[in-house]
Amino acid sequence: MPTDTLPTPEQSPSAPSGELIRLEQVTKRFGDHTVLDRLDFSVDAGRHVTLIGPSGSGKTTILRLLMTLTKPDEGTITVAGRRLFPAPEKQVREVRKQIGMVFQQFNLFPNMSVLRNITEAPVTVLGMAKDEAEERARDLLELVGLADKRDARPTQLSGGQQQRVAIARALAMRPKVLLLDEVTSALDPELVAGVLDVLRDIARSTDITMLCVTHEMNFARDISDQVLMFDSGRVIESGPPEQIFGEPENDRTREFLSAVL
Ligand SMILES: Nc1ncnc2c1ncn2[C@@H]1O[C@H](COP(=O)(O)OP(=O)(O)OP(=O)(O)O)[C@@H](O)[C@H]1O
């Protein structure tokens, strides 16, 4: 599997070996509904962290804050030692380039070929030469098992294939952090395994820091170094997957897991 197009410690010499993401006292409200309540948490570089918890507990909101799709009401967010919030617009754009996201609904550009979907941002945002972007896109398509689909339009692909293109598109920006928001929820059950296999490969073969929101508990158990259990906008328990799934300490975690497993 070609991993040369993916970030390696050599290619990202500034990647810290310690903490990569830090949220401090982050509060997010929608109207009078407090979704995140003075949330503190951090993720070390290269770790694979999964957020689990009941629907509406604020998991997706955390990914959207990191992607700057929404802003906190209070608190600070830091990525690789630089402020993402609060920060001047120019700095936000710089810091934000280090973060890639894959959404539940693949959000591919329908009017562009698969290859162009992957090359568009590296060329327009990073200023990469078109030839180089295309070469990297071809390698990434091989990585996600879709080398033969580069000229197809998204509508000609299955949901699972579209999601694998979306993963390749996020990786094309060489992010330090990959945010995965319930990436298999919109897929027919028979297409889930192929997408999860690709993500397992990426987790195993790269040093990308992953932050996943998932309802696939087996996947969470497989790829995570750390699982954070959320409830009502706060982390109520965290630990390695063996502990959270095997010997949860918190009653809410136990109730949640017995309902979903
Ligand atoms: N743009 C918005 N406007 C108003 N309320 C919102 C908005 N986005 C999210 N919320 C509310 O914030 C709460 C947390 O939403 P979020 O999507 O983060 O939860 P979640 O834990 O990811 O849930 P799920 O597992 O169902 O995806 C929910 O009650 C949701 O309705």
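Residues numbered from 1 in each chain as written. Predicted model: local features only at pLDDT ≥ 70, side-chain atom pairs only at ≥ 80, totals over all residues.

For the protein chain, the name recorded in an unreviewed UniProt entry is L-cystine ABC transporter ATP-binding protein YecC, with Streptomyces fumanus as its organism. Comment text from UniProt for the protein chain, heading Sequence similarities (unreviewed entry), reads "Belongs to the ABC transporter superfamily." According to its UniProt record, the protein chain has this under Subcellular location (unreviewed entry): "Cell membrane". (UniProt positions renumbered as here; feature names shortened; annotations may be inferred.)

**Details of the packing of helix α3 (residues 114-124) against helix α4 (residues 130-143)**
Between α3 and α4, the least distance of the axes is 9 Å, while the angle of their chain directions is 130°. With respect to α4, the element α3 is oriented oblique. Helix-helix and strand crossings are classified by hand; for α3 and α4 the assignment is right-handed. Every residue of α4 that contacts α3 at Leu-115, Ile-118, Thr-119, Pro-122 and Val-123 is listed here: Lys-130, Ala-133, Glu-134, Ala-137 and Leu-140. Tallied by class, residues from the contact of α3 with α4 come to 7 nonpolar, 1 polar and 2 charged. (Axes fitted to C-alpha atoms, helices over the stretch in contact; angles between N-to-C directions. Helix = DSSP H or I, 4+ residues; strand = E, 2+ residues; numbered from the N terminus. Parallel < 35°, antiparallel > 145°, perpendicular 65-115°, else oblique. Left-handed = near helix turned anticlockwise from the far one by under 90°. Contact = placed C-beta atoms within 7 Å. Nonpolar A, V, L, I, M, F, W, Y, C, P; charged D, E, K, R; others polar.)

**Thoughts on unusual backbone geometry**
Here Phe-85 and Pro-86 are connected by a cis peptide whose omega angle stands at -10°. Structurally, Pro-86 is set in the loop between β5 (82-85) and α2 (89-96). In the Ramachandran plot, Arg-174 falls in the positive-phi region, its phi being about 50° despite a non-glycine side chain.

**Examining the sheet that holds strand β1 (residues 19-30)**
Spatial strand order, β2-β1-β4-β5: 4 strands in an open sheet with antiparallel pairing. Whereas interior strands pair on both sides, the edge strands pair on one side only; in this sheet they are β2 (33-44) and β5. Across the sheet, the mean angle separating the axes of adjacent strands is 25° when strand polarity is ignored. Those strands touched by helix α1 (residues 59-66) are β1, β2 and β4 (74-79), and its axis lies near 115° from that of β1. Those strands touched by α2 are β4 and β5, and its axis lies near 105° from that of β5. (Pairing = 2+ DSSP bridges.)

**Observations regarding α1**
Counting buried residues in α1 gives 7 out of 8 residues, a clear majority hidden from the surface. Every buried residue of α1 is accounted for by Lys-59, Thr-60, Thr-61, Ile-62, Leu-63, Leu-65 and Leu-66. Backbone geometry just after α1 places Thr-68 at a positive phi near 60°. (Buried ≥ 20, exposed ≤ 12 C-beta atoms within 10 Å, placed from the backbone.)

**A word on the sheet that holds strand β7 (residues 177-181)**
Pairing is mixed in the open sheet, where 6 strands are placed in the order β6-β7-β8-β3-β9-β10. Two strands close off the open sheet at either side, each with one partner strand: β6 (99-102) and β10 (234-239). Within this sheet the neighbouring strands show an average axis-to-axis angle of 20°, counted without direction. As paired elements, strand β9 (residues 226-231) and β10 share 5 bridges and run antiparallel to each other. Of the residues in β10, the one forming a bridge with Phe-230 is Val-235. Helix α5 (residues 159-171) rests against β6 and β7 of the sheet, and its axis sits at about 175° to β6.

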